[in-house]
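Commentary on secondary and tertiary structure
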Amino acid sequence: MKSNLYPWNEFQGPNLAYLLEQYDLYLNSPENVSEDIANLFKQYGAPVDSLNKNEAVVGRGSSENLEKILRAIELADSIRRHGHHNANIYPLNNGMKDPSRIDMQGYGLSEQDLMEVPAVLIISNPPGDIVNGLQAINYLKSIYTDNIAFEIRHIVNSEERQWLQNKIEGNAIKANLSTGEKKELLKRLTKIEGFEKFIHRTFVGAKRFSIEGLDSLVVLIDELVSQANLTNTKQINIGMAHRGRLNVLTHVLKKPYEMMFAEFAHVPSESFLPKDGSLEISEGWYGDVKYHKGATYHSGDGMTIKLAYNPSHLEVVSPVVTGQTRAAQEVKNVPGYPEQDKNAAFAILIHGDAAFPGQGVVTEVLNYSRVRGFQTGGSIHIIANNMIGFTTEQYDSRSTNYSSDPAKGFEVPVIHVNADNPEAVIGVAQLAFEYRRQFGKDIVIDLIGYRRYGHNEMDEPSVTNPMMYHIVHKHPTARKIYGDQLVEEKVIESTEVDALDEMILEEMQQAYDRVKELPQTTAHEVIIPEAVLTGYPKFTTGVEGEKLRKVNEELLTWTKEFTPFKKLEKILKRREEPFTSNGKIDWGHAETLAFATILQEGISVRLSGQDAQRGTFSHRHLVLHDEKNGEELIPMHFIDSSNASFVVYNSPLTESAILGYEFGYSLEDKNTLTIWEAQYGDFANMAQVMFDNFISSARAKWGLKSGLVMLLPHGAEGQGAEHTSARLERYLQLSAENNWTVANLSSAANYFHILRRQAASLNEEFVRPLLIVSPKSLLRNPLVGADVSDLTEGSFQVVIEQSGLGGQPEKVKKIVFASGKLAIDLAEKVKDSSEFNYLHIIRVEQFYPFPKEEITDIVKRYPNVEQLTWAQEEPENMGSWNYALPYLLHIADGRNIVYTGRVHRASPAEGDADTYKVEQARIIEEALKGL
């Protein structure tokens, strides 16, 4: 006879008939059977099996009994689903609770009713001492309503959901610490708290954005690091805002107390940097506040922990960190796709409770977390939950119950944990790490605490949030609570707790005493590295003709089994003509040849953007699709002599997070040409924070070097206000200290050379990002196209003189400066004409750094020039005019300077094509007319 733990033994007569009906429904339409009954069928099979095997039947057979069993199952399900609403997860006990959904009386059940239900119907594998339903329900309540709460029912994958449920109900999350481990945990909490207390009393009023109230955040990260060591993970990348950052720097990344105190005391800290090379700290020449800085720590066992440098924009570092993580996971020294090892690195992303639901970049990052070009095998998100945003209460901060709720839309499990219970925090960290390893997905830990002081230590929070701070001021610290717990458990004496606190404060005092021996510093001296000031050296970026021909042939060759789209095949085969006849190499073709030759030099290429594989304007076609079966072919993977990976990914419809991701990738991998392409240049508006706070200024602030390439399609073509302007003026306004290169090219050959120059500079001190306002209609314009000889010789040209003009220097009275599409519009008007002896045109290919010397040398060749004209398509208050004017005033040396273009406008372009044509024609005519 089977034991009472075999569930079907509880059913007979009409009850068994009902189960058989349910099983038949389960076989045909499992989605129509309740989840709990379906799980029983999945685990124990068909109820009829017990009859066929003459199993004994135990228990009452009434329909009343069946109803009680089903109500008990419903109660258990409700505890799993809604237990978090009644959990003890708020240290200040100020969260809303709703016990009604987990009360047995609400299900018409009594304790006696539950005692008659076998535990196995409630819990699949109950602990040995739990045999009846009442014990099982109480056990579930003890798990789901304690200091840890779970939200997993939104996860669609039943296997994943069941795995989590088994872990939770198997009590696998409970951290069973030894006596020694408990003492070490108390010591850790004492150091965390002591650091804040010491700064608070020593540097009165100084901003530090204290961790107090969320002290166990460091404990959580510690445990993730410990788990990573067990799996031989090589790198952990951490992204976080300023709350608790100094404590994480000090205790997780081992930044010495002396270095931190020196920064508060305004004395040099470099002398305290560990001499063993375990800590790397990067500094820019202009610097940043201490709570924006990062560091890199190399542990003795081979692990690297990086805390990313971050501006005050609370969440924007998350995509940067995930990009760094993907780069750290990939091996790229082989042709084809990079080889990704998801265990090699992972990201810890620490969020604020107001910022997590409030900042859209958070959901952008969650959205791409399982997309092939951007997934990292799962990030571990931690919400450092203060239960308040600056002075804003939760009811003004979000429309959801929890700050973590946006994550549920992406099927990410959410675990809430009381930050005052450090042992529970350790258990949650272990589960999160194991879940990532098992399913390769993101997970959210909502670490619920409070903020002991105001947003910064100068604020008085009682002014705006008196009710919360009446509670905070009376609430003991996590260290005090845990110390009292260990005293009660007889792990330690109360005198030892006090002595430990005094010892650690004395350790910090001794560190500060060493700092005080240093002289006070004067104002920070701004010294820009010579390599940055000097700029790019002369690069020869041409490739020999035979090599180009062979590469081109390989790019246009595919197996007989592959059937490309016929029309596209015909278009691509035209790329043979430059090597066999008089054909031109257009923009997309030049780009492809540049990528292929870069790969042959051992530099990998990564390109992403919306529709980047084909190209917005159908000019690229780096990924081909078999028209019969849809299979992909990337010819770039089969280039002879290539020893580097190549990928091009269509990105989600996201600008800010994807650009940040690619910036992070470029920071981590110095041997990959990383490129982000906006679908249209004005789409980059959505990513302006990345340009402002990272790409343009990261080196000046933090000493971070990036060779990221950004392609922003730009040009007036009668398509209306949007999709016309990349807002070039914004990037020129940000240009200073050789922080990047800004170009507007009018030559496919120049594009080829600038890409190869950028690739060659990636590992050099003078490397910098490259921003190109790239063409649209010019992509196939013959005047933009290149001959093979243009790619075999020379290098990138910062200016291009218009051929056919300026041949009689003494007759030239007017020089016109133009760039990009307008330069080609002008070229089309003057080509093959002898009417423009009075005119010369200089195409300005690079705006920043401005080619003042090259332009000055050209102007000097024309002694009779009376007027310098700056011509542009953009309105006068946009584009490059206001940026270029100071340079022109210097170059003109008394000559007239004239602006030709659209007048001041609020919008960058006309709303209809006819008006555009009239205005464009006026600009061209005015630019070319004689004096």
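Conventions adopted
- Residues numbered from 1 in each chain as written.
- Predicted model: local features only at pLDDT ≥ 70, side-chain atom pairs only at ≥ 80, totals over all residues.
- Heavy atoms only, no water.
- UniProt positions renumbered as here; feature names shortened; annotations may be inferred.
- Salt bridge = Lys/Arg side-chain N within 4 Å of Asp/Glu carboxyl O.
- Helix = DSSP H or I, 4+ residues; strand = E, 2+ residues; numbered from the N terminus.
- Buried < 20%, exposed > 50% of the residue type's maximum accessible area, 1.4 Å probe, protein only.
- Pairing = 2+ DSSP bridges.
- Axes fitted to C-alpha atoms, helices over the stretch in contact; angles between N-to-C directions.
- Contact = heavy atoms within 4.5 Å.

The protein chain appears in an unreviewed UniProt entry as 2-oxoglutarate dehydrogenase E1 component from Psychrobacillus faecigallinarum. According to its UniProt record, the protein chain has this under Sequence similarities (unreviewed entry): "Belongs to the alpha-ketoglutarate dehydrogenase family."

Next up on the list: the pattern of salt bridges. One pass over the full model with this rule turns up 47 salt bridges. A salt bridge links R71 to E67; the shortest N-O distance between them is 3.9 Å. In this pair, R71 and E67 both sit in helix α4 (residues 63-82), four residues apart, roughly one turn of the helix. On the basis of relative accessibility, which here comes to 44%, the residue E67 falls in the partly exposed class. The shortest N-O distance in the salt bridge between E662 and R606 comes to 2.8 Å. With E662 in helix α25 (residues 656-668) and R606 in strand β12 (residues 604-609), this residue pair connects regions lying 56 residues apart in the sequence. Like E662, the residue R606 is buried in the burial classification. The network of salt bridges with common partners includes E193, K197, R479 and D501.

A word on unusual backbone geometry. Here Y848 and P849 are connected by a cis peptide whose omega angle stands at -5°. Positive phi, normally seen in glycine, also occurs at F390, with a value near 55°. Checked against the element boundaries, F390 lands in the loop between β9 (380-385) and α15 (394-397). With phi around 50°, N738 is a residue other than glycine that occupies positive phi space. Along the chain, N738 turns up in the loop between α28 (728-733) and β18 (741-743).

Turning next to the sheet that holds strand β17 (residues 709-711). Strands sit in the order β15-β12-β16-β17-β19-β18-β23 across an open sheet of seven strands; the sheet is mixed. Since the sheet does not close on itself, it has two edges, and those belong to β15 (646-650) and β23 (846-848), each with one partner. Taken pair by pair, the neighbouring strands of this sheet meet at an average axis angle of 20°, ignoring direction. The sheet strands contacting helix α24 (residues 587-600) are β12, β15, β16 (672-677) and β17, and the helix crosses β12 at an angle near 140°. Along the sheet face, helix α29 (residues 748-760) touches β16, β17, β18, β19 (770-772) and β23 and points at about 165° away from the line of β19.

UniProt annotation of "domain: Transketolase-like pyrimidine-binding" (unreviewed entry) refers to residues 585-781 when read in the numbering used here. End C-alpha to end C-alpha, residues 585-781 measures 10 Å, and it is 30% helix and 15% strand.

Before going further, it helps to examine helix α31 (residues 820-830). Among the eleven residues that make up α31, nine are buried, leaving the element largely enclosed by the rest of the structure. Within α31 the residues assigned to the buried category are G820, K821, L822, A823, I824, D825, L826, A827 and V830. Taken together, the buried residues of α31 touch β21 (814-818), β22 (839-844), β24 (867-875) and α34 (913-928). Just beyond α31, the residue with positive phi is D832, at close to 55°.

It is worth spelling out the side chain of R479 at this point. With respect to the helices and strands, the residue R479 is situated in helix α18 (residues 478-488). R479 sits in the buried class, given a relative accessible area of 10%. Residues in contact with R479, not counting those within four places in the same chain, are L186, L189, T190, E193, K197, V497 and D501.

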